[in-house]
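If you want the building blocks of each chain, they are given just below.
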Amino acid sequence: MAFTERDVKALKWEGKDRLISVGDGLFLNLRKSSKTWIIRRRHNGKMQVATLGKHPTVSAKQARAEALARALQDVPSNMTVEELSKKYYEEVVEAEHKRPELARGYIDRAIVPGMGNRRVVEISPVEVAKVIHDYRARGARTADQLRSQIRALFTFAIETGIRPDNPAAGLTRRVAGYRPRPRERVLSDAELRALWQEKNHNARVLRFLVVTGLRISEAQKGHREGGRWIVPASISKNGRKHWAHLTDAAKEQLPLPSSTPTNIQAWLRRWCVKQEEIDPAFTPHDCRRTAATRMADAGVEPFIVERVLNHTLGGVMAVYNRAEYAKERIAAAEALEREILEVAS
């Protein structure tokens, strides 16, 4: 994130120190009484930290220039894709991504096995296309997500001066065989009944999503505090702390199993197609969409549904409406539970 002087000046201390990644190993250490530029870089497996100085004595432009100069000093012309992937993961993914395990999976399963021993400067679009094409066996959408990861990896190579172009830049979804279609999928009454009767532990997560309207990552990485499920700002999609009211039906699904989202999605596809003959199969996110639809069916006001889902409000509402609507959100959750259980039973 390339901060300008205006961006740096606008940053305020909010009760705890923060280390903000700017790129090229450059970080801004935001403390109550100071803003300090530092460079964090691994060398021979060890993390090394160097202090450049405090802002505004050292401007954002000066700090970025120094960080880039030091990064270029560390770049050998024979760097391999595996070495680039490691550097990218340590300096970008770990610092900036909410779910670094996703990038880690693509690096370990496809990028390194497919071209890890090749020099970064020698990689061609044809080689990248082959790696993506070979990954299509895991699904077209998954292959397209790999394409995005590879493009981000080589964008990092450009930013750090390793090569002047991105071999994945011209590759479209066609190489992955992916044709996105807008999803309108909500669970039918019969599908809800089948889901509520299923004994597999993964079904508890999906039922939890239906009665709370949460995303699967929010459900699995959140925690319970009394009658609420807390979603920390660090894992919330819009970067704001969120909570969901726990109805009796939601509490019955706890504790949630430790299965990963990937494992749950794989199990759900098998359950839908092979066991229940549900075609097309639904996804965990469709459970969230079902919650929104069923709340609307129960007469919940649209802006309350948006609050329950932790969507960012638009227009004037986004500027002036900061209300929590706690009572209304609790009532919405209870109405959703009644709507679901009436069908599921």
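All values derive from a computational prediction rather than experimental measurement. (Residues numbered from 1 in each chain as written. Predicted model: local features only at pLDDT ≥ 70, side-chain atom pairs only at ≥ 80, totals over all residues. Heavy atoms only, no water.)

Considering the overall build of the protein
When helices and strands are counted, the protein shows 15 helices and seven strands. Structurally, the protein occupies a C-alpha span of about 65 × 50 × 35 Å along its principal axes. Taken over 345 residues, the protein has a buried fraction of 45%. Partitioning the contacts of the protein with sequence separation of at least 6, the portion at a separation of at least 24 is 58%. In the structure as shown, the protein presents an accessible area of about 18700 Å², 50% of it carried by carbon and sulfur atoms. Looking at the protein, you have 60 positive and 42 negative side-chain charges, and the mean spots of the two groups are 4 Å apart. (Helix = DSSP H or I, 4+ residues; strand = E, 2+ residues; numbered from the N terminus. Buried < 20%, exposed > 50% of the residue type's maximum accessible area, 1.4 Å probe, protein only. Contact = heavy atoms within 4.5 Å. Areas by Shrake-Rupley, 256 points an atom, 1.4 Å probe, with all protein chains shown as cover. Lys, Arg positive; Asp, Glu negative; His and termini not counted. Charge placed at Lys NZ, Arg CZ, Asp CG, Glu CD.)

With respect to the packing of aromatic side chains
For the structure shown, the criterion picks out six aromatic pairs. Seen in terms of ring centroids, Trp 267 and Trp 271 are 5.8 Å apart; in terms of plane orientation they differ by 20 degrees. Their pairing is stacked. Of this pair, Trp 267 and Trp 271 both sit in helix H11 (residues 261-275), four residues apart, roughly one helical turn. Accessibility classification places Trp 267 together with Trp 271 in one group, the buried group. On the basis of an interplanar angle of 80 degrees and a centroid distance of 6.2 Å, the ring pair of Trp 271 and Phe 282 is categorised as edge-to-face. Taken together, the positions of Trp 271 in helix H11 and Phe 282 in the loop between H11 and helix H12 (284-297) put the pair eleven residues apart, joining distant regions of the chain. As far as the burial class goes, Trp 271 and Phe 282 line up, both buried. Put simply, the rings of Trp 267, Trp 271 and Phe 282 pair up and form one aromatic cluster. Here Arg 109 stacks its cationic end above the ring of Tyr 106, 5.8 Å away from the centre of that ring. Residue placement shows Arg 329 over the ring face of Trp 243; its charged tip is 3.8 Å from the ring centre. (Phe/Tyr/Trp six-rings, centres within 6.5 Å; stacked < 30°, edge-to-face > 60°. Lys NZ or Arg CZ within 6 Å of the ring centre and 35° of its normal.)

What about the pattern of salt bridges?
Evaluation of the coordinates by the stated rule reveals 15 salt bridges. Salt bridges linked by common partners bring Arg 118, Arg 119, Glu 122 and Glu 127 together as one network. (Salt bridge = Lys/Arg side-chain N within 4 Å of Asp/Glu carboxyl O.)

So, the packing of helix H7 (residues 189-197) against helix H15 (residues 326-344)
For the pair H7 and H15, interaxial distance at closest approach is 8 Å and the crossing angle is 85 degrees. As the angle between them shows, H7 and H15 are arranged roughly perpendicular. Facing Asp 189, Leu 192, Arg 193 and Trp 196 of H7, the residues of H15 in contact are Ile 340, Leu 341, Val 343 and Ala 344. Of the residues assigned to the contact of H7 with H15, the class counts are six nonpolar, no polar and two charged. (Axes fitted to C-alpha atoms, helices over the stretch in contact; angles between N-to-C directions. Parallel < 35°, antiparallel > 145°, perpendicular 65-115°, else oblique. Nonpolar A, V, L, I, M, F, W, Y, C, P; charged D, E, K, R; others polar.)

Here we look at the pairing of strand S2 (residues 26-30)
Regular strands place their side chains on alternate faces of the sheet. S2 sits mainly inside the fold: four of its five residues count as buried. A loop of two residues connects strand S1 (residues 18-23) with S2, the two strands running antiparallel in sequence, and Asp 24 in this loop sits at a positive phi of about 60 degrees. (Pairing = 2+ DSSP bridges.)

A look at the confidence of the model for the protein
Within the protein, residue pLDDT values average 87, and 91% of them lie at 70 or more. The least confident element of the protein is helix H14 (residues 315-320), whose mean pLDDT is 43; the most confident is helix H8 (residues 202-212), at 97. For the stretch residues 315-321, pLDDT sits under 50, and the model shows four contacts to residues farther than four places along the chain or on other chains. (pLDDT = per-residue confidence, 0-100.)

Observations concerning unusual backbone geometry
Between Leu 254 and Pro 255 the backbone carries a cis peptide bond, its omega angle lying at -5 degrees. Considering the arrangement of structural elements, one finds Pro 255 in the loop between helix H10 (248-251) and H11. In this structure, the amide linkage connecting Asp 279 to the following residue, Pro 280, adopts the cis form with an omega of 0 degrees. Structurally, Pro 280 is set in the loop between H11 and H12. You will see that Glu 277, though not glycine, has its phi angle at about 55 degrees, which is positive. Position of Glu 277 among the secondary structure elements: in the loop between H11 and H12.

Quick word on the packing of helix H3 (residues 81-96) against helix H4 (residues 100-115)
Remark: H3 packs on H4, axes separated minimally by 10 Å, with the N-to-C direction vectors making an angle of 170 degrees. For the element pair H3 / H4, the angle class is roughly antiparallel. Across the interface between the two elements, Val 81, Glu 82, Ser 85, Tyr 89 and Val 93 from H3 touch Pro 100, Ala 103, Arg 104, Ile 107, Ile 111, Val 112 and Met 115 from H4. Here the residues of the contact of H3 with H4 sort into nine nonpolar, one polar and two charged.

Observations concerning the sheet that holds strand S5 (residues 223-225)
Taken in spatial order, the three strands of this open sheet run S5-S6-S7, and their pairing is antiparallel. Every interior strand has two partners, whereas the edge strands, S5 and strand S7 (242-245), have only one. Taking each pair of neighbouring strands and ignoring which way they run, the sheet shows an average axis angle of 35 degrees. One ladder, built from four bridges, connects strand S6 (residues 228-231) with S7; its direction is antiparallel. Looking at S7, one finds that Trp 229 is bridged to Ala 244.

So, the state of the cysteines
According to the stated counting rule, one finds zero disulfides in the structure shown. With no disulfide partner, Cys 272 has as its closest neighbouring cysteine sulfur the one in Cys 287, 8.9 Å distant. Given a relative accessible area of 0%, Cys 272 falls into the buried group. The exposure class assigned to Cys 287 is buried, which follows from its relative accessible area of 0%. (Disulfide = S-S within 2.5 Å.)

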